[in-house]
Amino acid sequence: MLEEKTPILKEICSEKEVFWKNPDKTACGEAMEQIELGMEDVEDAERRLERFAPFIMKCFPETKERNGIIESVLTPVPKMKDLLNEKYDSNLEGNLLLKQDSHLAIAGSIKARGGIYEILKHTEELAIEHGVLSLEDNYEKLASEECREFFKKYTIQVGSTGNLGLSIGIMSAAVGYQVIVHMSADAKQWKKDLLRSHGVTVKEYESDYSEAVKNGRALSDADPNSYFVDDENSKTLFLGYAVAAKRLQKQLEEKNVTVDEEHPLFVYIPCGVGGAPGGVCFGLKLLFGDYVHCFFIEPTQAPCMLVGMATGLNQEISVQDIGLTGLTHADGLAVGRPSGFVGRVMKNLLGGEFTIRDGKLYDYMRDLLGTENIFLEPSACASFEGPMQIEKNESARKYLQENHLEEKMKNATHIAWATGGSLVPEAIREEYKNTYLEK
Ligand SMILES: *Cc1c(COP(=O)(O)O)cnc(C)c1O
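Residues numbered from 1 in each chain as written. Predicted model: local features only at pLDDT ≥ 70, side-chain atom pairs only at ≥ 80, totals over all residues. Heavy atoms only, no water.

Naming follows an unreviewed UniProt entry, where the chain appears as Probable D-serine dehydratase of Coprococcus comes. Under the UniProt heading Catalytic activity (unreviewed entry), the entry covering the chain gives this text: "D-serine = pyruvate + NH4(+)". (UniProt positions renumbered as here; feature names shortened; annotations may be inferred.)

What follows is the structure in structure tokens.
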């Protein structure tokens, strides 16, 4: 039944790598009319992060350089582009840039955007409600012993495959909260160890991400002083991610990169539950409209957003429902059921999705290390499947044709969004570098 309505499911079920062109993509202006969030919400988030900058700088001296703003660099990777074209017989034109969220301060992954933002927003609300803080204060005062004593009474809980737990755990511990992170079976040991070293309680589950979230939510709901960060539905997380777009716009300007009708921008982001890539793309669409083309990449065994969007069932369907395991070396993307909220927001905005087999993640990792000397964790390396395929894959070429992009590809800018990696311990890096899987 489902397969008749959505023929691509057949390939997805048989673990084939696919490109799915989103048939519901419309003109951006039209799409935005259906969405309840807008630029004013993103700007509100941006201002909140600015208010917290003195506090962040105080707690995390490594953010001093950027005055307490957690932001990553945008790096041209021309040698990686050449390698994609030579080694993989790709035909990529234009410029290839790497957005290094892998090297974001504090959490070493894209989760340093949404996760940290949600904790800060909750902190501001609590503190203002209880007269501990006013909007006009210098937020550095939140780092005082007095304030920490206040926040000790409250608990933060979250379900995570690893990186979200890291960002929420580290920031919550810095504010002074009690923190419980509910980790799915995929979560790496070193991430659990790192959290425990920050005084975070880590609960481990045998099951996958959705179960960890379910249990965490139930436990949190039972405690009136506990706040649950809901990765599957949170608009706050989403807006924290969306702020990235405004910062990126500035970085593109600094690099004299034009984005307009003749100079399209392509962005490729690895996708788990959808919040991070969805938020970033939403922000980019607000800024660049029809000139930006957004693509998600998911593992062939855990393409939850693809399955949700292609069937239109969103969070009503899981990858297990169609016979996939949900198991992948890309721990940050090991999610079986997508965010319904993100699926609905992206419905008319997303260009499409690529899927990638696990073995290629390690190849791209070695490729990037060899050409540009930048290390990314396996999940983040999924982003290279986009630039590798966009002008090579037949269905992707159809997307370019339909959007009248073929002639403009020589002027295009491609951004592979490097979503994590700088906190990976050296011994684990060595392990990754020597991992070769069947392809
Ligand atoms: C979480 C994560 C993603 C995807 O974010 P979602 O919000 O789960 O879609 C991608 N890459 C890495 C490294 C991550 O940790």
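The rest of the description comes next.
Peer 1: Explanation requested: the packing of aromatic side chains in the structure shown.
Peer 2: Summed over the entire model, instances satisfying the criterion amount to 16 aromatic pairs. Considering the side-chain rings of Phe150 and Tyr154, the 5.4 Å spacing of their centres and the 50 degrees angle between planes classify their relative orientation as tilted. Here the two residues Phe150 and Tyr154 agree in accessibility, since each one is buried. On the basis of an interplanar angle of 55 degrees and a centroid distance of 6.0 Å, the ring pair of Tyr362 and Tyr432 is categorised as tilted. Placement of the pair is Tyr362 in helix H15 (residues 358–372) and Tyr432 in helix H19 (residues 426–433), with a sequence separation of 70 residues. A network of ring pairs unites the aromatic residues Phe19, Phe266, Tyr268, Phe295, Phe354 and Tyr399 as a single cluster. In this structure, Arg366 is placed above the aromatic ring of Tyr436, and the distance from its NZ or CZ to the ring centre is 3.7 Å. (Phe/Tyr/Trp six-rings, centres within 6.5 Å; stacked < 30°, edge-to-face > 60°. Buried < 20%, exposed > 50% of the residue type's maximum accessible area, 1.4 Å probe, protein only. Helix = DSSP H or I, 4+ residues; strand = E, 2+ residues; numbered from the N terminus. Lys NZ or Arg CZ within 6 Å of the ring centre and 35° of its normal.)

Peer 1: Just to check I follow, could you spell out the UniProt feature "domain: Tryptophan synthase beta chain-like PALP" (unreviewed entry) in the chain for this structure?
Peer 2: Using the residue numbers shown here, the UniProt feature "domain: Tryptophan synthase beta chain-like PALP" (unreviewed entry) corresponds to residues 90–387. A helix fraction of 44% and a strand fraction of 15% characterise residues 90–387, whose end C-alpha atoms lie 8 Å from each other.

Peer 1: Is there a simple way to think about the sheet that holds strand S5 (residues 178–183) in this case?
Peer 2: Backbone-to-backbone hydrogen bonds join strands into a sheet, with any given pair of strands oriented parallel or antiparallel. Taken in spatial order, the four strands of this open sheet run S6-S5-S4-S7, and their pairing is parallel. Edge positions in the sheet fall to strand S6 (201–204) and strand S7 (226–229), since each of these pairs with one other strand and no more. Across this sheet, the average inter-strand angle for adjacent strands is 20 degrees, counted without regard to direction. As paired elements, strand S4 (residues 155–160) and S5 share six bridges and run parallel to each other. Note on S5: the bridge partner recorded for Thr155 is Gln178. Contacting S5 and S6, helix H9 (residues 189–197) crosses the sheet at an angle of about 150 degrees to S6. (Pairing = 2+ DSSP bridges. Axes fitted to C-alpha atoms, helices over the stretch in contact; angles between N-to-C directions. Contact = heavy atoms within 4.5 Å.)

Peer 1: Can you help me understand the site of the ligand in this one?
Peer 2: Residues in contact with the ligand amount to 16 residues; listed here are only the nearest, Lys111, Asn163, Gly272, Gly274 and Thr419. Lys111 places a polar side-chain atom, nitrogen or oxygen, 2.7 Å from an oxygen atom of the ligand. Within the side chain of Thr419, a nitrogen or oxygen atom sits 2.7 Å from a nitrogen atom of the ligand. Bound to the protein, the ligand loses 98% of the 380 Å² it would expose on its own. (Near = heavy atom within 4 Å. Polar contact = N/O pair within 3.5 Å; in protein donor to acceptor, adjacent residues only side chain to side chain. Areas by Shrake-Rupley, 256 points an atom, 1.4 Å probe, with all protein chains shown as cover.)

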